[in-house]
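Below, each chain spelled out in residue letters.
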Amino acid sequence: MRGALPLTLVFGVLAGCGGPVTEAVDFRERFEVYGVEEDDMLKLRGGPGIGFDVYAGLPNGTILRVDSCQQTGGTRWCKVALDRAPGLTGHVSAAYLREL
């Protein structure tokens, strides 16, 4: 997770290229990114696994809405949308989420 771009920079790039912004889905439960090392960010990925593109880096405290979660290998991945930008969706590791 080291070397992630600052969140505001990533959002600026995404806004300009039309990247992973998709239709809003009915995301329900609110969770907070938690437990990421201070100098790191949780990667928002294009799919449930580390082989998928990284859309954004999410610092601790970022509020997400979770649609669903699935087990892939040894990791539980959740499909999420940013609370403040619900059109931006992707997958994150459930290990770094805590329910609000």
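One can find the structure itself at the top, above this paragraph.
Thresholds applied
- Residues numbered from 1 in each chain as written.
- Predicted model: local features only at pLDDT ≥ 70, side-chain atom pairs only at ≥ 80, totals over all residues.
- Heavy atoms only, no water.
- Salt bridge = Lys/Arg side-chain N within 4 Å of Asp/Glu carboxyl O.
- Helix = DSSP H or I, 4+ residues; strand = E, 2+ residues; numbered from the N terminus.
- Buried < 20%, exposed > 50% of the residue type's maximum accessible area, 1.4 Å probe, protein only.
- Disulfide = S-S within 2.5 Å.

Break down the pattern of salt bridges for me, citing the residues and quoting the values.
Enumeration over the complete set of coordinates arrives at three salt bridges. A salt bridge links Glu32 to Arg98; its shortest N-O distance comes to 3.0 Å. Pair noted here: Glu32 is in strand 1 (residues 29–33) and Arg98 is in strand 7 (residues 97–99), with a separation of 66 residues, a long-range link. Judged by its relative accessible area of 15%, Glu32 falls in the buried class. Between Asp83 and Arg65 there is a salt bridge, and its shortest N-O distance comes to 2.9 Å. Pair noted here: Asp83 is in the loop between strand 5 (75–82) and strand 6 (89–93) and Arg65 is in strand 4 (residues 63–72), with a separation of 18 residues, a long-range link. The exposure class assigned to Asp83 is partly exposed, which follows from its relative accessible area of 25%.

Please give an account of the state of the cysteines that cites residues and values.
Counting across every chain of the model gives one disulfide. Sulfur-sulfur distance for the disulfide between Cys69 and Cys78 comes to 2.0 Å. Taking the sign of the torsion about the S-S bond as the criterion, the disulfide between Cys69 and Cys78, at about 100°, is right-handed. Classification of Cys69 by relative accessible area gives partly exposed; the value is 30%.

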